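# A look at the structure
Each chain, letter by letter, is given below.
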Amino acid sequence: MKPLLYSGTKNASSWAMRAWLALREAGVAFDEEVVDIRRPQRFANLERIGAFSPPAMVPVLVDDQMMIFDSVAIMEYANDIADGALLPADRATRARARSLVAWQHSGLSGICTRISFESAFYPLKRTLTDAERTECGRLFDYLDQVLELSGGPYLFGALSLADLMLVPTVVRLTRHDLDFASWSRSQRWTAALLERASVAEWMREADALPHIWFDDYLVPGDAIRMVPAAA
Ligand SMILES: N[C@@H](CCC(=O)N[C@@H](CS)C(=O)NCC(=O)O)C(=O)O
């Protein structure tokens, strides 16, 4: 029997996207059950997940009676199935890749707090605030250095869990009006990621869904200029 991934609504569930991408890129054939995490049905649906997975969140992978919860655990499992192909072979480089995975998992300095994944799919976008641009600088100054060292096209040369972990952040930022002028390596990297068949497949499905609006996307006092969504 194929593993079953309990995934989430595709224009909302950035954590499920990461696990889904890792399984796809590891070449794992899996079935998918999309759990509707939109309000109000999310509460009942996640309670159902909680009946067999203690965090009561998605993603969860069930493989051969074994249940694995949390996106990073599923990504590491996918990497194991692929005999380690999704992490650098060199121990020090692997540790650096895992640092980026951990940085994203522990919040990535708040970049994502008010730029929800859902907002990446809105037809109109607000501009990023100065504070958000400063945070982007912290990320992309570092990623440009990483890419310079590896020579690209991905962060550590070949595609790794570090790249996949950052895909939802890349989606959020490229779909707002982030100016990549100072980060040419990162700009090429984001383009390479977004062109991957796995990412394009998820995004195609996500783009076809009804928008999930959040009232706090626009906050009084922000310097707001609506910019058209990317085509
Ligand atoms: N650390 C978890 C976070 C998962 C997570 O927050 N999933 C969201 C959907 S993208 C969810 O199920 N949230 C349910 C809740 O917050 O109650 C992971 O990486 O899998």
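Residues numbered from 1 in each chain as written. Predicted model: local features only at pLDDT ≥ 70, side-chain atom pairs only at ≥ 80, totals over all residues. Heavy atoms only, no water.

### Looking at the domain arrangement of the protein
Accessible area lost upon the coming together of the parts is a frequently used measure of interface size. Put simply, the test is: Note: domain ranges come from an automatic or database domain assignment. Whether two residues are in contact is decided by their heavy atoms, any of which lying within 4.5 Å being enough. Note on terms: buried area is the combined drop in 1.4 Å-probe accessible area of two parts once they are placed together, counting the loss on both. One speaks of a salt bridge when a side-chain nitrogen belonging to Lys or Arg is within 4 Å of a carboxyl oxygen belonging to Asp or Glu. Whenever a nitrogen or oxygen atom comes within 3.5 Å of another N or O atom, the pair is scored as a polar contact, on the condition that within protein one atom can donate a hydrogen and the other can accept it, and that pairs from neighbouring residues in sequence are kept only if both atoms are in side chains.
Domain annotation for the protein reports domain 1 (4-81) and domain 2 (91-228). For domain 1 versus domain 2, the separation of C-alpha centres amounts to 21 Å. Counting from both sides, the interface comprises 25 residues of domain 1 and, opposite them, 27 residues of domain 2. For the domain 1 and domain 2 pair, buried surface summed over both sides reaches about 2300 Å², with 68% attributable to carbon and sulfur atoms. When residues of domain 1 are sorted by the area they lose upon contact with domain 2, Lys 10, Asn 11 and Met 17 head the list and together hold 32% of the total. At the junction of domain 1 with domain 2, the criterion picks out four salt bridges. The shortest N-O distance in the salt bridge between Arg 196 and Glu 25 comes to 2.9 Å. Inspection of the region where domain 1 meets domain 2 yields eight residue pairs in polar contact (both at pLDDT 80 or more).

### A short note on the site of the ligand
Quick reminder of the rule: Any residue with at least one heavy atom within 4 Å of a molecule or strand is counted as near it. Methods summary: accessible areas were calculated by the Shrake-Rupley approach with a probe of 1.4 Å, and residue burial reflects only the protein chains presented.
The local shell around the ligand consists of Ser 13, Trp 15, Ile 37, Arg 42, Leu 46, Met 57, Val 58, Pro 59, Asp 70, Ser 71 and His 105. Here Val 58 contributes a backbone N or O atom positioned 2.8 Å from a nitrogen atom of the ligand. Here a nitrogen atom of the ligand sits 3.0 Å away from a polar atom, N or O, in the side chain of Asp 70. Protein burial of the ligand: of its 500 Å² of free accessible surface, 74% is covered by the chains.

### Quick notes on unusual backbone geometry
This is how the line gets drawn: Secondary structure counts use DSSP, requiring at least four H or I residues in a row for a helix and at least two E residues in a row for a strand, with both numbered from the N terminus.
Along the chain, Val 58 connects to Pro 59 via a cis peptide bond; the corresponding omega equals 10°. With an omega of 0°, the peptide bond between Gly 152 and Pro 153 qualifies as cis. The phi dihedral of Asp 64 is positive, around 55°, even though this residue is not glycine. By the secondary structure assignment, Asp 64 is in the loop between strand S3 (60-63) and strand S4 (66-69). Phi at Asp 70 takes a positive value of approximately 85°, unusual for a residue other than glycine. Relative to the assigned elements, Asp 70 resides in the loop between S4 and helix H3 (71-81).

### What to know about the side chain of Asp 144
Rules: Residue exposure (1.4 Å probe, protein chains only): buried if accessible area is under 20% of the type maximum, exposed if over 50%, otherwise partly exposed. In this tally Asp and Glu are treated as negative and Lys and Arg as positive; neither His nor the chain ends contributes.
For Asp 144, the position within the fold is in helix H5 (residues 130-150). Nearest to the buried, unbridged Asp 144 among oppositely charged side chains is Arg 185, at 4.5 Å. For Asp 144, the residues in contact, after removing those within four places along its chain, are Ser 182, Trp 183, Ser 184, Arg 185 and Ser 186.

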